[in-house]
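Chain residues, written in single-letter form:
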Amino acid sequence: MADVVEEIKSRLGIEEVVSQYVQLKKLGRNLKGLCPFHSEKTPSFVVSPEKQICHCFGCNKGGDIFTFIQELEGVNFRESLQILADRAGVKIDDKKLAKKVDKDEKDIYFEAQEIAAKFFEEQLLQTDEGKKVLNYLYKRGVNDGTIREFRLGFAPDSFDALHPVLLKKRIPKNVILKSGLASAKNIGDERIYDKYRLRLIFPIFDYLGRICGFGGRALQKEQQPKYLNSPENPVYSKSKVIYGLSHAKKYIKEEDKAVIVEGYFDVILPHQEGIKNVVASSGTAFSAGQVRQVKRLTKNVISCFDSDKAGFEASRRAYFMFREEGVEIKTIALEQKDPADFVLEHGGEFKKMVDNAKNFVSFFIERLILENDIAALSGRNEVISQLLPCFDGMSAVNRDYFVRELAGKLNMDQKFLYDEIANMKLPRTHPARAEGNVSGSRKFPSQEVLISILLEYPLLFPAVKDLLKNLDQNLESDVYLKNVYNALTDQYNSTRGKFVGWSFDDGCLADASGKVAVWRLYAEDRYANFSEQTLEEEVKKLIDKLRKDRRNIELKEIQRQIGEAEDSGDKEKLKSLLATQQGLLKLS
């Protein structure tokens, strides 16, 4: 497997892999961008083509191309290997790989979903009951190619059609139950029964195109609920999976925009019509994690939810969620129709509406003015109070634009609107306060900063080596730091005055290669523009600070011991401790 890993690394650079998810800007020898793992407004995610690693100095995540894909896609090492092998054009012998890498829990769940999907497909396409459901799909405008592409299926009206098939394929009962493919009447009951019965089945795909769950639509009016979705399990999380994203991601990147709709049919029919950059929230509010998935592909989003009040509220919440991530959101309003019905009746007109979508705030202004009597004071106040949260956190340029628009429509002076904005107080529960986890850079302790500089700029070591004596006392709390420091000292002493730099391939530096690489990247990112003289002064300041920190620790300990000596009346010990204290104070 080592050969495969090295071949993939030789074909795929870290910058090439990361740039597919993060917009990077060149800064010296490195590249920098907003972290894909957490929300931030100031870039702290650094990519080093030279070291072939990436690291976020805000949330401390990163690594090589395999670690990056594992973290970002939520996959194991074997899956990351396959993903990157596909991108690099490297063939992997699945049988050999399976022997070297054991299956984990997720693999069994994915296997169960795949078996179930094939079963549902067969029931739709090869049974008499399924033909009736096929006719329903044809009436909804779905053709055979789309049915196969989205792998639509049918769950027959039976309690024991699917789960016996899964058991025969040696899928454990607990996996079947946790996946929501079957249920038991009581906890621990040996008897189980199929959960999906008499339903049109929509397989739900993860970002990589693997089936991770199902949505089952009722086929009779009295059936409840109308949609039955998979429960949370090791491969399916409704706050992380976006329906249709695996099909749409390529087209979202190509068109630099994503259209967000509400339901399965709302994705499928536009996709069939050639509007392929469409994804669905599947009836739930977008989470911060889902927003970041879309943001990795584009910063332009168009919402098109149902025209009712719930649909509008979904658009409003999406506006605040995406705005927090710096993503512009526009909106399409379809009168009395959802996207699926509109496409069925008007076809390519939907594409024109996508291209002419309005900014959400402009759309919101128009909607509020239609719904309220702005000639009356109460109506004007209602419009303003509803819109005020939209101005919170808005850039000055955008705020000026929308204040002018609103003031013009209300026929009022802009100054009064700015006064209202200045005095605005948002309820804690308002969507505009859903800011996500914005964090700044992690503050590196002084000893880590010092080691990082010495690692990245080895020729500083001879100039400061005498100041570094006994420094290892400051590193007692971190085994890695202490061992790395000792390794540097040993390497330098072994060169007998012919020092040219560090060897990172042997001993401790090789064993701690991951941490060493991050420390070096930190120093390179922070000190790249420092002159040699300035950098030397920085090292001296750090050494001085560490020595002072050490003395302060020793002084606190001596003060504690002095108190004990006074309490016990030990005059000799007290005299000795006071002398030691005076000596340390003179050094401070």
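Please refer to the structure higher up on the page.
Predicted model, so just to flag it, every value in this text is computed and none were measured. (Residues numbered from 1 in each chain as written. Predicted model: local features only at pLDDT ≥ 70, side-chain atom pairs only at ≥ 80, totals over all residues. Heavy atoms only, no water.)

**Q** Can you lay out the sheet that holds strand S1 (residues 25-27) for me, pointing to particular residues and giving the numbers?
**A** The strand order S1-S2-S3-S4-S5 describes an open sheet built from 5 strands, whose pairing is antiparallel. Each edge of the open sheet carries a strand with a single partner, namely S1 and strand S5 (62-63). Here strand S4 (residues 53-56) runs beside S5; their pairing, made up of 2 bridges, is antiparallel. Counterpart to Cys54 in the pairing with S5 is Gly63. Each of strand S2 (30-33), strand S3 (45-48) and S4 is contacted by helix H25 (residues 513-527), which is oriented at about 75 degrees to S4, the strand it contacts most. (Pairing = 2+ DSSP bridges. Helix = DSSP H or I, 4+ residues; strand = E, 2+ residues; numbered from the N terminus. Contact = heavy atoms within 4.5 Å. Axes fitted to C-alpha atoms, helices over the stretch in contact; angles between N-to-C directions.)

**Q** Explain the pattern of salt bridges residue by residue, including any values.
**A** Summed over the entire model, instances satisfying the criterion amount to 29 salt bridges. With its nearest N and O atoms 2.4 Å apart, the salt bridge here joins Glu79 to Arg210. Highlighted residues: Glu79 in helix H4 (residues 77-88) and Arg210 in the loop between strand S9 (199-205) and strand S10 (211-218), separated in sequence by 131 residues. When salt bridges that share partners are traced, they join Arg29, Glu50, Lys51, Glu456, Arg520 and Glu524 into one network. (Salt bridge = Lys/Arg side-chain N within 4 Å of Asp/Glu carboxyl O.)

**Q** Can you explain the packing of aromatic side chains? Please cite residues and give values.
**A** One pass over the full model with this rule turns up 31 aromatic pairs. Aromatic side chains Phe37 and Phe68 sit 5.9 Å apart centroid to centroid with 70 degrees between the ring planes, which places their arrangement in the edge-to-face category. Here the residue Phe37 occupies a position in the loop between S2 and S3, and Phe68 occupies one in helix H3 (residues 65-73), the gap between them amounting to 31 residues. By relative accessible area, which is 13% here, Phe37 ends up buried. For Phe68, a relative accessible area of 0% puts it in the buried group. (Phe/Tyr/Trp six-rings, centres within 6.5 Å; stacked < 30°, edge-to-face > 60°. Buried < 20%, exposed > 50% of the residue type's maximum accessible area, 1.4 Å probe, protein only.)

**Q** I'd love a proper account of the packing of helix H12 (residues 264-272) against helix H15 (residues 339-346), names of residues and values included.
**A** For any two helices packed against each other, the geometry is given by the interaxial angle and the distance between the axes. Where H12 meets H15, the closest approach of the two axes is 7 Å, and the angle between their N-to-C directions is 30 degrees. When the axes of H12 and H15 are compared, the pair comes out roughly parallel. Between H12 and H15 the crossing geometry is left-handed. Where H12 abuts H15, its residues Phe265, Asp266, Leu269 and Pro270 lie against Pro339, Ala340 and Val343. (Parallel < 35°, antiparallel > 145°, perpendicular 65-115°, else oblique. Left-handed = near helix turned anticlockwise from the far one by under 90°.)

**Q** How would you summarise the state of the cysteines if you had to cite specific residues and measurements?
**A** Counted by the stated rule, this structure contains 0 disulfides. We note that Cys304 lacks a disulfide partner, and the nearest cysteine sulfur, in Cys390, lies 19 Å from it. The buried category is assigned to Cys304, whose relative accessible area is 0%. Assessed through its relative accessible area of 0%, Cys390 is described here as buried. (Disulfide = S-S within 2.5 Å.)

**Q** Tell me about helix H11 (residues 245-255), and name the residues and values.
**A** The periodicity of an α-helix, 3.6 residues per turn, causes residues three or four places apart in sequence to face the same way. If you check which residues of H11 are buried, you get Leu245, Ser246, His247, Ala248 and Ile252. The elements touched by buried residues of H11 are helix H8 (144-149), S9, strand S12 (258-261), H12, strand S13 (278-280) and helix H13 (288-295). One or two steps after H11, the chain reaches Asp256, where phi turns positive at roughly 55 degrees.

**Q** Please give an account of the sheet that holds strand S11 (residues 227-229) that cites residues and values.
**A** Strands sit in the order S6-S9-S10-S11 across an open sheet of 4 strands; the sheet is antiparallel. Since the sheet does not close on itself, it has two edges, and those belong to strand S6 (153-155) and S11, each with one partner. In this sheet, adjacent strand axes meet at a mean angle of 35 degrees when their direction is disregarded. The pairing of S6 with S9 spans 3 bridges and is antiparallel. Its bridge partner lying in S9, Gly153 is registered against Ile201.

**Q** Account for helix H19 (residues 396-410), with residues named and values stated.
**A** Along its 15 residues, H19 runs 21 Å from first to last C-alpha, staying within 8% of the 21 Å computed at 1.5 Å per residue. Among all positions in H19, only Phe402, Val403, Glu405, Leu406, Ala407 and Leu410 are buried. Looking at the buried side of H19, the elements it contacts are strand S16 (358-359), helix H17 (360-371), helix H18 (377-391) and helix H20 (414-422). With its phi angle positive at about 55 degrees, Asn411 sits one or two positions after the end of H19. (Expected span 1.5 Å × (residues − 1).)

Read these as layout, nothing more, since geometry by itself doesn't imply function.
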